[in-house]
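# Analysis of the macromolecular model
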Amino acid sequence: MAAHEQELADTQRQHWQDTYTAHPGMYGELPSTPAVYAAQAFHAAGAKDVLELGAGHGRDALYFAREGFTVQATDFSPTGLSQLRDAARDQGVAGRVTTAVHDVREPLPLTEASVDAVFAHMLLCMALSTKEIHALVGEIRRVLRPGGTFVYTVRHTSDAHYGTGSAHGDDIYEHGGFAVHFFPRDLVDALADSWTLNEVHPFEEGDLPRRLWRVTQTLPR
Ligand SMILES: C[S@@+](CC[C@H](N)C(=O)[O-])C[C@H]1O[C@@H](n2cnc3c(N)ncnc32)[C@H](O)[C@@H]1O
């Protein structure tokens, strides 16, 4: 990793740590709309276990657990994951949820073909280079079982913040300390190479609003 990429990664990790410390449970207790969609898609595919990347304090991981899935939740913020574990105990689903502090720039800490489904809401569009995003999706492919489903969301180049704020190169722009990689459509298509691209669904979230795509892609059986 180049020095400026390492510096950005370290700054972002600290920024997320500070944000979760200052605002515990900041995304609320309700699941995101992509998680509600994903649970239906995962049930329909017969999935039993879910890997969530960038789970934060766990609004979606806990929803998957309440839906009966076994959940492995990862994030590079120990503070977010600590809040997730506390909430899992409070909600009586701690037996179905495990957590691991993990930076998605590193290989996933799972064996190949070991999970049925992978979910990542606003994780691939963090301060990751295009090369790191391709490597991550390669890792997701490695750990998913044949026929497995991957649902992810990303902010894209029609978002109001695209092209504004501090530019870090590679379509990454920073606002209020949060760096975002705004996805062009051809990156979505490239990441689905050798997968089946089932759907690219546009939606909006929040007051800005953030403009996102919810992408569903599956592995051949
Ligand atoms: C926009 S938040 C979304 C959190 C959660 N998915 C949700 O919707 O409630 C992005 C999350 O990704 C995590 N994150 C950012 N970069 C990461 C990285 N390189 N590796 C692992 N987690 C990362 C942050 O700590 C944060 O929890």
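Before going into details, it helps to say that this report is about the structure given with it. Remember, it's a predicted structure, so these values are computed and weren't measured experimentally. (Residues numbered from 1 in each chain as written. Predicted model: local features only at pLDDT ≥ 70, side-chain atom pairs only at ≥ 80, totals over all residues. Heavy atoms only, no water.)

## Some remarks on the packing of helix α2 (residues 33-44) against helix α3 (residues 59-66)
Between α2 and α3, the least distance of the axes is 10 Å, while the angle of their chain directions is 35°. Regarding α2 and α3, the two cross each other, and that crossing is right-handed. Facing Ala35, Val36, Ala38, Ala39 and Phe42 of α2, the residues of α3 in contact are Asp60, Tyr63 and Phe64. When grouped by side-chain class, the residues that make up the contact of α2 with α3 number seven nonpolar, no polar and one charged. (Axes fitted to C-alpha atoms, helices over the stretch in contact; angles between N-to-C directions. Helix = DSSP H or I, 4+ residues; strand = E, 2+ residues; numbered from the N terminus. Left-handed = near helix turned anticlockwise from the far one by under 90°. Contact = heavy atoms within 4.5 Å. Nonpolar A, V, L, I, M, F, W, Y, C, P; charged D, E, K, R; others polar.)

## Side note on the site of the ligand
The environment of the ligand is formed by 20 residues, the closest being Tyr20, Gly54, Arg59, Asp75 and Arg105. Between a nitrogen atom of the ligand and a main-chain N or O atom of glycine 54, the distance comes to 2.7 Å. One of the backbone N or O atoms of phenylalanine 76 is found 3.2 Å from a nitrogen atom in the ligand. Within the complex, the protein chains bury 98% of what would otherwise be the 590 Å² of accessible surface of the ligand. (Near = heavy atom within 4 Å. Polar contact = N/O pair within 3.5 Å; in protein donor to acceptor, adjacent residues only side chain to side chain. Areas by Shrake-Rupley, 256 points an atom, 1.4 Å probe, with all protein chains shown as cover.)

## Some words on the side chain of arginine 105
Looking at where arginine 105 falls in the secondary structure, it is placed in the loop between β3 (97-101) and β4 (115-121). A residue is classified by how much of its surface remains accessible, and arginine 105, at 18% relative accessible area, is buried. At 2.7 Å, the side chain of arginine 105 and the backbone oxygen of alanine 127 are in polar contact. (Buried < 20%, exposed > 50% of the residue type's maximum accessible area, 1.4 Å probe, protein only.)

## A word on the environment of aspartate 18
Relative to the helices and strands, aspartate 18 is located in helix α1 (residues 3-22). The sequence separation of aspartate 18 and glutamate 204 amounts to 186 residues, and the corresponding C-alpha distance is 26 Å. Of note is the side chain of aspartate 18, whose polar atom sits 2.8 Å from the side chain of glutamine 14.

## Some remarks on the pairing of β4
Across the seven residues of β4, seven count as buried, placing the element largely inside the fold. Of the strand pairs in this sheet, strand β1 (residues 49-53) and β4 are connected by three bridges, and their pairing is parallel. Considered in β4, the bridge of leucine 51 is made with valine 118. For β4 and strand β5 (residues 144-155), the ladder comprises six bridges, and the chain directions are parallel. Of the residues in β5, the one forming a bridge with valine 118 is phenylalanine 150. As for the winding sense of the linkage, the β-α-β connection from β4 through helix α5 (residues 130-143) to β5 is right-handed. (Pairing = 2+ DSSP bridges. Right-handed = clockwise from strand over helix to strand, strands pointing away.)

Functional significance is not addressed by these values, which are geometric in nature.
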